Amino acid sequence: QVQVVESGGGLVQAGDSLRLSCTTSRRTSSNNGMAWFRQAPGKERELVAAISWNGGRTSYSASVQGRFTISKSGATMWLQMNSLQPEDTAVYYCAIARSVWGVQSPDFRYWGQGTQVTVSA
């Protein structure tokens, strides 16, 4: 069973920064695309950012473009979040794609348990 573990969440104020990390137990994740999703209370889960297996391709949601940066090295992935806003409050999930790239939930096979990010005004 592949383990996917997120860390780095917390409570911050608007304008602060956080860096999320995702580690996996499967070395072959280095050959898979990965992504960060988030789900706020009462809302559907949404893609935040995705990265291809070799880090050569990235995609961001419009709401985080220019503020968040996704990166990957082997089977480890990070999400640098700057200028956080209250609307960024959500549980953030790390996901491993079934192949070298993915942006839709069905594209992803393994999911972490999530890490809470709370941004106060």
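Structural data are supplied above this passage.
Nothing here was measured: the structure is a model prediction, and the numbers come from that model.

A.B. asks: Mind laying out the state of the cysteines, listing which residues take part and the relevant values?
C.D. replies: In a disulfide, the sulfur atoms of two cysteines are held together by a covalent bond. Scanning all chains against the criterion turns up one disulfide. Bridging Cys22 to Cys94, the disulfide has an S-S length of 1.9 Å. On the S-S bond that ties Cys22 to Cys94, the torsion sits near -70°, and the link is left-handed. Taken together, the residues Cys22 in strand 3 (residues 18-24) and Cys94 in strand 9 (residues 90-97) connect sequence positions 72 residues apart. We note that Cys22, like Cys94, is buried.

A.B. asks: Run through the pattern of salt bridges, naming residues and quoting values.
C.D. replies: Here the structure, examined in full by the defined rule, presents three salt bridges. Across the salt bridge formed by Arg38 and Glu46, the nearest N and O atoms sit 2.7 Å from each other. Classification of Arg38 as buried rests on a relative accessible area of 5%. One salt bridge connects Arg38 with Asp88, and the closest N-O pair in it is separated by 3.0 Å.

A.B. asks: Go over the sheet that holds strand 1 (residues 4-7) with me, naming the residues and quoting the values.
C.D. replies: Taken in spatial order, the four strands make up an open sheet running 1-3-8-7, and their pairing is antiparallel. A strand with exactly one partner marks an edge of an open sheet, and here the two such strands are strand 1 and strand 7 (68-73). Strand-to-strand twist of the sheet, defined as the mean angle between neighbouring strand axes without regard to direction, takes the value 15°. As defined by bridge partners, strand 1 adjoins strand 3 across four bridges and the pair is classed as antiparallel.

A.B. asks: Before we move on, could you go through the nonpolar core and cite the residues and values that matter?
C.D. replies: In terms of nonpolar packing, the biggest core is built from 26 residues, with Trp36, Val48, Phe68, Met77, Leu79, Met81 and Tyr92 touching the most fellow members. Elements supplying a minimum of two residues to this core: strand 3, strand 4 (34-39), strand 5 (46-51), strand 7, strand 8 (76-81), strand 9 and strand 11 (115-120). In this structure, Leu79 is in contact with Leu18, Arg19, Leu20, Trp36, Val48, Ala49, Phe68, Thr69, Ile70 and Tyr92, ignoring residues within four places of it in sequence. Ala35, Phe37, Ala97 and Phe108 belong to the second-largest nonpolar core, a separate cluster that totals 10 residues.

Calculation notes
Residues numbered from 1 in each chain as written. Predicted model: local features only at pLDDT ≥ 70, side-chain atom pairs only at ≥ 80, totals over all residues. Heavy atoms only, no water. Disulfide = S-S within 2.5 Å. Helix = DSSP H or I, 4+ residues; strand = E, 2+ residues; numbered from the N terminus. Buried < 20%, exposed > 50% of the residue type's maximum accessible area, 1.4 Å probe, protein only. Salt bridge = Lys/Arg side-chain N within 4 Å of Asp/Glu carboxyl O. Pairing = 2+ DSSP bridges. Axes fitted to C-alpha atoms, helices over the stretch in contact; angles between N-to-C directions. Core = buried A, V, L, I, M, F, W, Y, C linked by side-chain atoms within 4.5 Å. Contact = heavy atoms within 4.5 Å.

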